[in-house]
Every structure is written in structure tokens, then in C-alpha cells.
Amino acid sequence: MSIKSNLSYLNYIKESGISAFLQNLPNIRYKEQEKNHKISQINISDINSLKELENYINQSNICLLKNTASKTVFADGNPSSKIMLIGEAPGAEEDKIGKPFVGLAGKLLNKMLASINLDRNNVYITNIIPWRPPNNRTPNSEEILLCLPFIQKHIEIIKPKLIILLGGTASKAILSSTHGIMRMRGKWYEYNNLNLNNPIPVRAIYHPAFLLRVANKKREAWEDLKEIQKKLHAINEKI
Ligand code: URA
């Protein structure tokens, strides 16, 4: 079939209302998971501590991003904090140092936190993906799906009272949404899963790297931060 007739065949299929194709991929992925299971020898559902989770992620071969990254970036900050921040994936600086948000975006994040009297001693910070994607590209849906059990377990262990999602990738992944960050910011959501006793309030805010590029969004970011501060006061009064 020529390229042209291929294209008209594809258009014909699209016009008939078919928007997805089945591929061999799930079988391949299943084999990868089996391989990974043998290496780590434990099931993620049996993990109860941060140390175990960090070891598990360090040993995991589930996601190919690990092959091009130089470090597994696990987390930073205070594990006893009530506030958990979740970003997208490490960048070049994070990949070098092994901690999340230590580059330029991290510096702005520190300032955002300071504006509501917080710092890294009273928040806990991690990412959806623990390995740097090549050239800082956005992680794709398959990579996000493969790494999702890590962050779900991470939240279950930390049991934060409030989750702050930094940017669209983290917001879509945690809130299972297809909306972009512009639509998701400015509102409160709840995160829950079967292993949590209570739903956790969630706020999706602009990623600091985005604010470095689009400075006129800083006012909206400030409004979200003020709402977060109010919620924290309410949470502290309840505890
Ligand atoms: N951007 C992120 O989302 N995470 C980091 O750790 C650094 C930059």
C-alpha cells in the first residue's frame, strides 16, 4: 500500500468512528513486569516504609527512563510533614544531585514556599517520575502509568494532610484528569485510594518552571498559595 493510500485508509477508519488501535504492547509490558518482579522479589503492596519504597524504586526496571538517567531521584524534605508536593520528573540538576527541585525551578519553588512561611524542613517533595526523561521532555502516558504505583505508595506512606501538585503532568496523573493545569488550578480536589482512611485535600498549581517562562501567571499562583495557606491554618486548628 502506498503512503497516500495508507493515509486515505486511516482517514476512512477515523471517519468510521474508530479512535484507538489494539497493539502488542500490553504483552510486552507484562513480560517487563514479570522480569522486574523477579529482581525486586517483593510486591509493592507489601511495602510499609519509605526506606523499602526507595530500595524498591532503585531496583525497579519497569520504566525505560531509568536507562538514560544517572540517578534515581526519590524525595527531599521532611517525611513527617503534613504537606506533600508532587512535581513531574527530575531535570538535569536533579539528575546530577539526586534530589528533586534543586535547579532553577527549585529555587523559585523555595521562594513560593517562603511566601507562605514554608520551607524544605516543613514540606515533603517528590515527583511522579523518579528518573529524568532525556532532554527534559515531558514523560509520556506509558511512563506515567508505569510509575504511578510508586507515587500512590509514597502518598500512602507519608499520609499527608494536604497535597500540592506542581504543574499539569502531576495534576493529570494524581487526579486522573485530562484537563490542563489552566483549568485545574484555582479549585480544591480530593485524593483517595483504597489504602487511605481519609481523602486528602489537593490543590493543583502552576509548575515553577512554567512561571519562570510565563511571569504574568505569577498573580494566579499567588492566589493559589494564599488559598493553600488558609487551608493549612484550618488543618492545623483541627489537629
Ligand atoms: N521539575 C520537576 O517537576 N521536578 C523536579 O524535581 C525538577 C524540576
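Everything that follows concerns the structure shown earlier in this document.
These numbers come from a predicted model, not from an experiment.

*Asks:* Looking at this structure, I do not really get the overall build of the chain. What am I missing?
*Replies:* Each helix and strand counted, the chain has eleven helices and six strands in total. Across the 239 residues of the chain, 45% fall into the buried class. A total of about 13,800 Å² of accessible surface is found on the chain, and carbon and sulfur atoms cover 52% of it.

*Asks:* Would you mind showing me how to read the pattern of salt bridges here?
*Replies:* Pairing is possible between side chains that carry opposite charge, provided their charged atoms lie close to one another. Per the counting criterion, the structure on display carries 13 salt bridges. As a salt-bridge pair, E227 and K230 come within 2.9 Å of each other at their nearest N and O atoms. Remark: K230 and E227 occur in helix 11 (residues 218-238); sequence separation between them is three residues, near one turn of the helix. Overall, E227 belongs to the partly exposed group, its relative accessible area being 27%. Connected through salt bridges with shared partners, the residues R185, R203, K217, R219, E220, E223 and D224 form a single ionic network.

*Asks:* For this particular structure, what's the right way to read the site of the ligand?
*Replies:* Neighbouring residues of the ligand: G87, E88, A89, P90, E94, P100, F101, N127 and H207. Here a nitrogen atom of the ligand and a side-chain polar atom of N127 are 2.8 Å apart. Taking 230 Å² as the accessible area of the ligand by itself, protein coverage stands at 91%.

*Asks:* Explain the environment of G98 to me, please; I cannot follow it from the model alone.
*Replies:* Topologically, G98 is positioned in the loop between helix 5 (92-97) and helix 6 (104-114). Separated by 32 residues in sequence, G98 and P130 place their C-alpha atoms 9.5 Å apart. Apart from residues no more than four positions distant in its own chain, G98 is found in contact with K71, T72, V73 and F74.

*Asks:* Sorry, what's going on with the pairing of strand 3 (residues 124-127) here?
*Replies:* Side-chain positions along a regular strand alternate between the two faces of the sheet. Of the two faces of strand 3, the one carrying Y124 and T126 and the one carrying I125 and N127 are both buried. As defined by bridge partners, strand 1 (residues 75-77) adjoins strand 3 across three bridges and the pair is classed as antiparallel. If you follow D76 over to strand 3, its bridge partner there is I125. Sheet analysis places strand 2 (residues 83-87) next to strand 3, joined by four bridges and oriented parallel. When the bridges of strand 3 are listed, M84 appears paired with Y124.

*Asks:* Is there a simple way to explain the packing of aromatic side chains in this structure?
*Replies:* Two aromatic rings are characterised by how far apart their centres lie and by the angle between their planes. By the definition in use, this model includes three aromatic pairs. Ring centres of W131 and F150 lie 6.0 Å apart, and the angle between their planes is 80°; this geometry places the pair in the edge-to-face category. Of the two residues, W131 sits in the loop between strand 3 and helix 7 (141-158) while F150 sits in helix 7, which places them 19 residues apart along the sequence. In terms of burial, W131 and F150 fall into one category: buried. Ring pairs connect the aromatic residues Y56, W131 and F150, which therefore count as one cluster. Directly above the ring of W188 sits R203, whose terminal nitrogen or CZ lies 5.0 Å from the centroid. Across from the ring centre of W188, 4.6 Å away, lies the NZ or CZ of K231, which sits over that ring.

*Asks:* Mind showing me how you'd approach the sheet that holds strand 4 (residues 162-166) here?
*Replies:* Backbone-to-backbone hydrogen bonds join strands into a sheet, with any given pair of strands oriented parallel or antiparallel. Strands sit in the order 1-3-2-4-6-5 across an open sheet of six strands; the sheet is mixed. If you trace the sheet from one side to the other, it starts and ends with strand 1 and strand 5 (188-191), each paired once. Sheet twist, expressed as the mean angle between neighbouring strand axes with direction ignored, is 25°. Both strand 5 and strand 6 (residues 200-205) contribute to a ladder of four bridges, which runs antiparallel. Residue pairing across strands places Y189 opposite V202, the latter belonging to strand 6.

*Asks:* Just checking my understanding: could you explain the nonpolar core for this structure?
*Replies:* One broad trend across soluble globular proteins is that nonpolar side chains are buried collectively. If you look at the biggest cluster of nonpolar residues, it comprises 64 residues, and the most contacted ones within it are L85, I86, I128, I155 and L165. Ranked by residue count, the leading element in this core is helix 7, at nine residues. Residues contacting L165, with those up to four places away along its chain left out, are I86, A170, S171, I174, L175, V202, R203, A204 and I205.

The rules behind each value
Residues numbered from 1 in each chain as written. Predicted model: local features only at pLDDT ≥ 70, side-chain atom pairs only at ≥ 80, totals over all residues. Heavy atoms only, no water. Helix = DSSP H or I, 4+ residues; strand = E, 2+ residues; numbered from the N terminus. Buried < 20%, exposed > 50% of the residue type's maximum accessible area, 1.4 Å probe, protein only. Areas by Shrake-Rupley, 256 points an atom, 1.4 Å probe, with all protein chains shown as cover. Salt bridge = Lys/Arg side-chain N within 4 Å of Asp/Glu carboxyl O. Near = heavy atom within 4 Å. Polar contact = N/O pair within 3.5 Å; in protein donor to acceptor, adjacent residues only side chain to side chain. Contact = heavy atoms within 4.5 Å. Pairing = 2+ DSSP bridges. Phe/Tyr/Trp six-rings, centres within 6.5 Å; stacked < 30°, edge-to-face > 60°. Lys NZ or Arg CZ within 6 Å of the ring centre and 35° of its normal. Axes fitted to C-alpha atoms, helices over the stretch in contact; angles between N-to-C directions. Core = buried A, V, L, I, M, F, W, Y, C linked by side-chain atoms within 4.5 Å.

Without other data, these values stay purely geometric and don't point to any function.
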